[in-house]
Amino acid sequence: MTKTITQKVVFKNTTTKALYELYMDAKKHSLVTGAPAKITAKEGAGFSAHDGYIKGKNLQLVKDKLIVQSWRGGDWDKNDLDSTFIINFEQKGKDAVLHVTHANVPDKHVASINSGWHDYYWKPWKQHLAGKKITRKEM
């Protein structure tokens, strides 16, 4: 069985452009997560994050607006299907909002992935954007 994770995350005083770049620029992605990432803003291109733990492919990209990826964790069972990861970016005045949908996540990984987005992405992004030292959990 699989489940869908949905999250809405508000980033104060930033732009959708800044958030899109944090995810799609390999150097920025690696800096903020603290782990090597290989990613490029090209549809059809493969990517990896967290030193190869996460792998997938960019399915659809709309600069500063939308990211759709196939996505799977390195510890998933071979017969688990790839999940679909979607970020919709919304500018609301001075703030940017992420509307996140992570579909087809295997049941046994839902809790760790749901918290992982906050621990390894959203919290460090907020710290980085505020000019603070990034603190993160060990993987």
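Up top is the structure these notes are about.
All figures in this text were calculated on a predicted structure; none of them were measured in a lab.

Trainee: Would you mind going over helix H2 (residues 26–33) with me for this structure?
Mentor: For the α-helix, the turn length of 3.6 residues means that residues three or four positions removed from each other point alike. All buried positions along H2 are accounted for by His29, Ser30, Val32 and Thr33. On its buried face, H2 sits against helix H1 (16–24), strand S2 (46–49) and helix H3 (110–129). Capping of H2 at its N-terminal end is provided by Asp25; its side-chain oxygen lies 3.1 Å from the backbone amide nitrogen of Lys27. In the stretch just after H2, Gly34 is the one whose phi turns positive, near 80°.

Trainee: Explanation requested: the nonpolar core in the structure shown.
Mentor: Proteins that are soluble and globular tend to have nonpolar side chains buried together. In terms of nonpolar packing, the biggest core is built from 33 residues, with Tyr23, Trp71, Ile87, Leu98, Tyr121, Trp122 and Trp125 touching the most fellow members. Those elements that place two or more of their residues in this core are strand S1 (2–11), H1, S2, strand S3 (54–62), strand S4 (66–73), strand S5 (83–92), strand S6 (95–106) and H3. Of the residues forming this core, the biggest block, seven residues, is contributed by H3.

Trainee: Help me understand the side chain of Asn58 in this model?
Mentor: Relative to the assigned elements, Asn58 resides in strand S3. With relative accessibility at 1%, the residue Asn58 sits in the buried group. From its side chain, Asn58 meets the backbone oxygen of Thr40 in a polar contact 2.8 Å long. Beyond its immediate sequence surroundings of up to four residues, Asn58 is in contact with Met24, Thr40, Lys42, Glu43, Gly44, Ala45, Phe47, Val68 and Gln69.

Trainee: Help me understand the environment of Ala41, please; the structure alone is not making it clear to me.
Mentor: Tracing the backbone shows Ala41 in the loop between H2 and S2. Given the relative accessible area of 46%, Ala41 is considered partly exposed. Sequence separation between Ala41 and Val62 is 21 residues; the distance between their C-alpha atoms is 9.3 Å. Sequence-distant contacts of Ala41, defined by excluding residues within four places in its chain, comprise Tyr20, Met24 and Leu61.

Rules of the game
- Residues numbered from 1 in each chain as written.
- Predicted model: local features only at pLDDT ≥ 70, side-chain atom pairs only at ≥ 80, totals over all residues.
- Heavy atoms only, no water.
- Buried < 20%, exposed > 50% of the residue type's maximum accessible area, 1.4 Å probe, protein only.
- Helix = DSSP H or I, 4+ residues; strand = E, 2+ residues; numbered from the N terminus.
- Contact = heavy atoms within 4.5 Å.
- Polar contact = N/O pair within 3.5 Å; in protein donor to acceptor, adjacent residues only side chain to side chain.
- Core = buried A, V, L, I, M, F, W, Y, C linked by side-chain atoms within 4.5 Å.

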